[in-house]
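Each chain, letter by letter, is given below.
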Amino acid sequence: MTITALRVALPVAAEDRGYDILIGGGLLARAGAEIETRLGARPCLVITDNNVAGPYIAPLEESLRAAGHRCLPSIIIPAGEESKNFSEFAAMAEEALARKPDRKTLIVALGGGVVGDLAGFLAAVLLRGVDFVQIPTTLLAQVDSAVGGKTGIDSAHGKNLIGAFHQPRLVLADIDTLKTLPPRQLRAGFAEVVKYGVIDRPDFFSWCGEYGPRLVEGDAALLQAAVMESCAAKAEIVAADERESGRRALLNLGHTFGHALEALAGFGGRLYHGEAVATGVALALRFSAEEGLCPPEDAARYEALCENCGLPTKPLASQGDIPALMDFMMGDKKNQDGAITLVLARGIGKAFVAPGIETAKIEAFWRKVTKEKLAS
Ligand code: NAD
Ligand code: GLY
């Protein structure tokens, strides 16, 4: 499979903080050389989880050593969102320090978004900051979380509330690793792909509608095309607004509703992040339609696409606790002056940031959509 390359161009005058994203098959075996070419031979600390370690850590370390890097003993964390918390982070930091890293040490995040967010946050603060490389192995991480430099952990108060912006030095998205990803995880990752279409790429949304059902079955060429288009979309937005002072908030489409549902589900695998995003985007479109902003047909088109690709669009039957949902929404990072900010849409491809949404309106909306589901 051919390898395609993109670059995240970060507009910083004094130093070049841009980085390459390589996308294709066989990249794990080339990781050592690709890193060496760009960053030189380094002491490498691979961080991964216990699902990814089995098939992928040995080939990665072999490739690193063959290119002249020294491998510190890797760190393997328990898989899943439950690991994205302070105690796991503290344990990981202590384990990393026990390996006597220095400022040249390169952290290599091998895994999904959980590993990437944790390892990236560690890289941001270890010895006051070291370089890191993202080797994403889930569709979600390849199309979204590995690019853009948001790192961090969850809190009892909500998702991703503690963290740092810290850009990777290189992203290697090896499409072959998606072959071992469980189908439900592949589908969940597709939610973040479709999101780019809903934000501002209506033609890509149509592409997702046409090819999505085959893509979620694991078609490698379609997966590569989706990762490429998604990374291009994300790179463009991150280059324009690295620290989310404006346009980058669009990437949060569906996340204010979705994060509340994910937090209420308890971060324990009942609702994957991508599934929460799929539901959140459906709710954002439906809320937009009910406010008279978006044609109801566009909300229906999105729901039909999700249905065809095995993605949820409604809260779980157990998610009727409106005060808890509102409490999570009130803690969202986009909020201003105590009022909820949502990303809404005037139609497919026409997302916009809407600050100052009346709390009562959102409460009434939650009452309506959760009652429908609880009644069904
Ligand atoms: P994940 O990291 O939990 O991975 C999902 C599951 O797949 C895990 O059990 C993992 O062990 C397993 N897995 C990973 N790669 C595999 C492979 N190739 N074969 C077999 N199993 C594999 O979840 P995710 O969906 O990748 O990421 C979700 C996280 O990403 C959330 O915490 C979310 O907040 C975060 N996120 C961050 C950003 C960002 O910009 N930093 C963006 C989107 C999402
Ligand atoms: N996933 C949202 C962002 O990176 O900004």
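Data block above holds the structure.
Residues numbered from 1 in each chain as written. Chains lettered and ligands numbered in written order. Predicted model: local features only at pLDDT ≥ 70, side-chain atom pairs only at ≥ 80, totals over all residues. Heavy atoms only, no water.

Draft legend 1. Region of interest: the site of ligand 1. Taken together, the neighbourhood of ligand 1 is formed by 27 residues, with Asp49, Glu81, Thr138, Lys159 and Thr180 sitting nearest. Here a nitrogen atom of ligand 1 and a side-chain polar atom of aspartate 117 are 2.9 Å apart. At a separation of 2.8 Å, a nitrogen atom of ligand 1 approaches a polar backbone atom of lysine 150. Relative to its unbound accessible surface of 870 Å², ligand 1 loses 91% to contact with the protein. Secondary structure elements with two or more residues in the shell around ligand 1: helix H4 (113–125), helix H5 (139–145), strand S9 (158–165) and helix H6 (183–200). (Near = heavy atom within 4 Å. Polar contact = N/O pair within 3.5 Å; in protein donor to acceptor, adjacent residues only side chain to side chain. Areas by Shrake-Rupley, 256 points an atom, 1.4 Å probe, with all protein chains shown as cover. Helix = DSSP H or I, 4+ residues; strand = E, 2+ residues; numbered from the N terminus.)

Draft legend 2. Layout of unusual backbone geometry. Backbone geometry places leucine 127, a non-glycine residue, at a positive phi of 50°. As for its position among the elements, leucine 127 is in the loop between H4 and strand S7 (132–136). Accessibility expressed as a relative area gives 29% for leucine 127, which makes it partly exposed. The phi dihedral of asparagine 160 is positive, around 55°, even though this residue is not glycine. Counting through the fold element by element, asparagine 160 comes out in strand S9. (Buried < 20%, exposed > 50% of the residue type's maximum accessible area, 1.4 Å probe, protein only.)

Draft legend 3. Structural view of the site of ligand 2. Near ligand 2 you find Asp144, Lys150, Lys234, Glu244, Arg248 and Leu251, and these make up its full shell. Between ligand 2 and lysine 234, the relevant distance is 2.6 Å, taken from an oxygen atom to a side-chain nitrogen or oxygen of the residue. Burial of ligand 2 by the surrounding chains reaches 90%, relative to a free accessible area of 200 Å². Of the residues in the shell around ligand 2, the class split is one nonpolar, no polar and five charged. (Nonpolar A, V, L, I, M, F, W, Y, C, P; charged D, E, K, R; others polar.)

Draft legend 4. Broad picture of the packing of aromatic side chains. For the coordinates displayed, the defined rule picks out seven aromatic pairs. Residues tryptophan 207 and tyrosine 211 carry aromatic rings whose centres are separated by 5.3 Å and whose planes lie at 50° to one another, so their mutual orientation is tilted. Placement of both tryptophan 207 and tyrosine 211 in helix H7 (residues 202–215) is noted, with a separation of four residues, approximately one turn of the helix. Seen from their ring centres, phenylalanine 257 and tryptophan 366 are 5.4 Å apart, and the 75° between their planes marks the pair as edge-to-face. Taken together, the positions of phenylalanine 257 in helix H9 (residues 255–265) and tryptophan 366 in helix H13 (residues 359–375) put the pair 109 residues apart, joining distant regions of the chain. For the pair phenylalanine 257 and tryptophan 366, one class covers both residues: buried. By the ring-pair criterion, three or more aromatic residues cluster together here, those being Phe257, Phe287, Phe365 and Trp366. Geometry around tyrosine 272 places arginine 184 over its ring, the cationic atom sitting 3.7 Å from the centre. Over the face of the ring belonging to tyrosine 196 we find lysine 195, whose NZ or CZ atom lies 5.3 Å from the ring centre. (Phe/Tyr/Trp six-rings, centres within 6.5 Å; stacked < 30°, edge-to-face > 60°. Lys NZ or Arg CZ within 6 Å of the ring centre and 35° of its normal.)

Draft legend 5. Spatial organisation of empty space enclosed by the protein. Enumeration over the complete set of coordinates arrives at one cavity of 30 Å³ or more. Its boundaries defined by the atoms lining it, the largest cavity holds a volume of some 110 Å³. What lines the largest cavity is a set of 13 residues, and nearest its centre among them are Gly158, Lys159, His259, Phe328 and Asp332. Top element by residues in the lining of the largest cavity is H9. It accounts for four residues. Counted by class, the lining of the largest cavity contains five nonpolar, five polar and three charged residues. (1 Å grid on protein atoms, 1.4 Å probe; cavity = no way out; pocket = protein on both sides within 12 Å on 5 of 7 lines; lining within 4 Å. Points joined across faces, edges and corners; volume = space filled by probe spheres on them.)

Draft legend 6. Inspection of the side chain of histidine 69 at higher detail. Relative to the assigned elements, histidine 69 resides in the loop between helix H2 (53–66) and strand S4 (70–71). Here the side chain of histidine 69 touches glycine 32 through a polar contact of 2.9 Å, landing on its backbone oxygen. Within the local environment of histidine 69, its side chain forms a polar contact with the backbone nitrogen of arginine 42, the two atoms lying 3.1 Å apart. If sequence neighbours within four positions are ignored, histidine 69 has contacts with Gly32, Ile35, Glu36, Gly40, Ala41, Arg42, Cys44 and Leu64. (Contact = heavy atoms within 4.5 Å.)

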